[in-house]
Amino acid sequence: RAKAIDVVTGGKNVQLPKIEGQQVEWKLITKNYLIFGGEGGGVGTTFEAESGTDKWYLDVLHLENTQLTLGQKYPSDTPIAKSVISHAHMTIGKNLQSSPTAGSATDCDPGWLPSDFICR
């Protein structure tokens, strides 16, 4: 879907992923921003991690409020929160030009994999 994938959650907690099969430390950089009901509801969270010389970003939507602490780092496999619908909407980016801010021009950074159709 657009620049993201919908991951079926089955009512379980959404967990932080590994990068290229490796454990990484994900820093919570944006917490609990509102997703309107017409767009699936819940909240979004954004994380960043470093692996080698690369900086990765993860944006996850349709969650309950996370209890994780803004600015703290969490290892891969850490539960973020449960989804409020049947899936979590996840977008991953690599080496973005600037730190992402939801709903801003950073949504169209070519480092999001792949680029969103609304950014043409």
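Residues numbered from 1 in each chain as written. Predicted model: local features only at pLDDT ≥ 70, side-chain atom pairs only at ≥ 80, totals over all residues. Heavy atoms only, no water.

Enquirer: What am I meant to see in the overall build of the protein chain here?
Expert: Scanning the protein chain from terminus to terminus reveals 0 helices and 8 strands. Scanning the protein chain from its N terminus toward the C terminus, one meets helices and strands in the order β-β-β-β-β-β-β-β. Its C-alpha atoms give the protein chain a radius of gyration of 13 Å, within 12% of the compact-globule value 14 Å for 120 residues. Looking at the 120 residues of the protein chain, the share that counts as buried comes to 42%. The long-range share in the protein chain, meaning contacts at least 24 apart out of those at least 6 apart in sequence, stands at 58%. Total accessible area on the protein chain stands at roughly 6700 Å², and carbon and sulfur atoms take up 51% of it. The centroid of the 11 positive side-chain charges in the protein chain is displaced by 3 Å from the centroid of its 13 negative side-chain charges. (Helix = DSSP H or I, 4+ residues; strand = E, 2+ residues; numbered from the N terminus. Rg over C-alpha atoms; globule rule 2.2 N^0.38 Å. Buried < 20%, exposed > 50% of the residue type's maximum accessible area, 1.4 Å probe, protein only. Contact = heavy atoms within 4.5 Å. Areas by Shrake-Rupley, 256 points an atom, 1.4 Å probe, with all protein chains shown as cover. Lys, Arg positive; Asp, Glu negative; His and termini not counted. Charge placed at Lys NZ, Arg CZ, Asp CG, Glu CD.)

Enquirer: It is not clear to me how the pattern of salt bridges should be interpreted in this structure. Could you clarify?
Expert: Across all of its chains, the model carries 1 salt bridge by this definition. With a closest N to O distance of 3.8 Å, Asp54 and Lys94 form a salt bridge. Within this pair, whereas Asp54 is found in strand β5 (residues 54-63), its partner Lys94 is found in strand β8 (residues 87-94), the two being separated by 40 residues in sequence. (Salt bridge = Lys/Arg side-chain N within 4 Å of Asp/Glu carboxyl O.)

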